[in-house]
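A structural walkthrough
Listed below are the residues making up each chain.
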Amino acid sequence: MNQPASHHPAPHHAGPPPGPSTTPPVMIPPCEAALALMEARRSAPLRGLVEPGPTPQELARMLRLAARVPDHGRLVPWRFIVIAGEARQQLGARLDALYAAQNPELPPSKADMWTLYLARAPVTVVLVARPDPAAKVPEWNQVLSVGAAGMALTLAARALGFATQWLLKWPGRDPQAAALLGAKADERIAGFIHIGRPVAKAEDRPRPVLDEVVSVWAPDQSMSNDTP
């Protein structure tokens with residue numbers, strides 16, 4: 001006579017805990033040049049970025065390197081909009097017109113402020129965030145990937161002999177202005193990365209003290225943070 005199937009799951013026999021891997025590591029040689037580049041990276045004043053800007057080949061290489069960032073799920077939650085050449089003045093004029101319409105009391109001295117802003121650097125790359133809220137990957141993970149792409153672009157530009165300034169001004173925060181830039185309704189501007197040749201060596205600024213921003217996890221610390 002057939003016995004009814006049990007509704008209780010079969011017992012799980014756990015094996016021994018995994019031990020250290022016996023696979024030998026791939027030894028990656030240190031690259032002092034890359035470390036020196038990261039130590040020397042600084043933001044240059046926008047007014048101190050001048051021609052000549054990157055060639056199309058140099059810019060394409062920068063963007064390819066900027067795209068080599070952590071991207072959980074391969075969602076590519078970012079993209080780039082390049083503003084260069086005469087397009088700087090054309091876009092600047094449209095932004096000036098929009099800004100004047102939004103600010104009727106704008107003084108004449110600021111009538112071309114956004115044209116001048118975009119004309120300062122030879123090339124501006126607009127970093128656009130486009131996270132997918134329906135994806136299984138948390139949206140916050142995708143936003144972090146956007147920031148990583150921006151940082152990678154600044155390092156790539158520095159490696160090719162250029163300086164950068166990463167800003168987020170009114171055109172990136174205003175929905176109408178962002179639309180003029182080419183951003184879609186479900187996208188956000190993460191910054192304007194201005195690229196050019198520096199006119200002077202940028203002075204370094206005070207950096208965080210490691211003891212103030214680095215901690216080492218310990219069990220007693222975790223217990224002290226528990227909510228009673």
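Before reading further, recall that the structure is shown in the block above.
First things first, this report covers the structure right here in the doc. (Residues numbered from 1 in each chain as written. Predicted model: local features only at pLDDT ≥ 70, side-chain atom pairs only at ≥ 80, totals over all residues. Heavy atoms only, no water.)

1. Here we look at the side chain of Thr154
- Structurally, the position occupied by Thr154 is in helix H5 (residues 139-159).
- When near neighbours in sequence (up to four residues on either side) are disregarded, Thr154 contacts Arg41, Thr164, Trp166 and Ile193. (Helix = DSSP H or I, 4+ residues; strand = E, 2+ residues; numbered from the N terminus. Contact = heavy atoms within 4.5 Å.)

2. Regarding the nonpolar core
- Among the nonpolar cores identified, the biggest contains 24 residues, and Leu95, Val126, Trp170 and Ile189 are the most heavily contacted of them.
- Listing elements by their share of this core, those giving two or more residues are strand E2 (78-84), helix H3 (87-102), helix H4 (113-120), strand E3 (123-129), helix H7 (175-181) and strand E5 (188-198).
- For this core, the element with the most residues is H3, which contributes four residues.
- Of all hydrophobic cores here, the second largest spans 19 residues; its members include Met62, Val69, Val146 and Ala156. (Core = buried A, V, L, I, M, F, W, Y, C linked by side-chain atoms within 4.5 Å. Buried < 20%, exposed > 50% of the residue type's maximum accessible area, 1.4 Å probe, protein only.)

3. Overview of the packing of aromatic side chains
- All chains considered together, the criterion is met by six aromatic pairs.
- Relative to Tyr117, the ring of Trp114 lies with its centre 5.5 Å away and its plane at 85 degrees, an arrangement referred to as edge-to-face. Here Trp114 and its partner Tyr117 are both found in helix H4, three residues apart, which amounts to about one turn of the helix.
- By relative accessible area, Trp114 is classed as buried at 6%.
- Clustering of aromatic rings is evident, with ring pairs tying together Tyr99, Trp114, Tyr117, Trp170 and Phe192.
- The ring centre of Phe162 lies 3.9 Å from the NZ or CZ of Arg197, which sits over that ring. (Phe/Tyr/Trp six-rings, centres within 6.5 Å; stacked < 30°, edge-to-face > 60°. Lys NZ or Arg CZ within 6 Å of the ring centre and 35° of its normal.)

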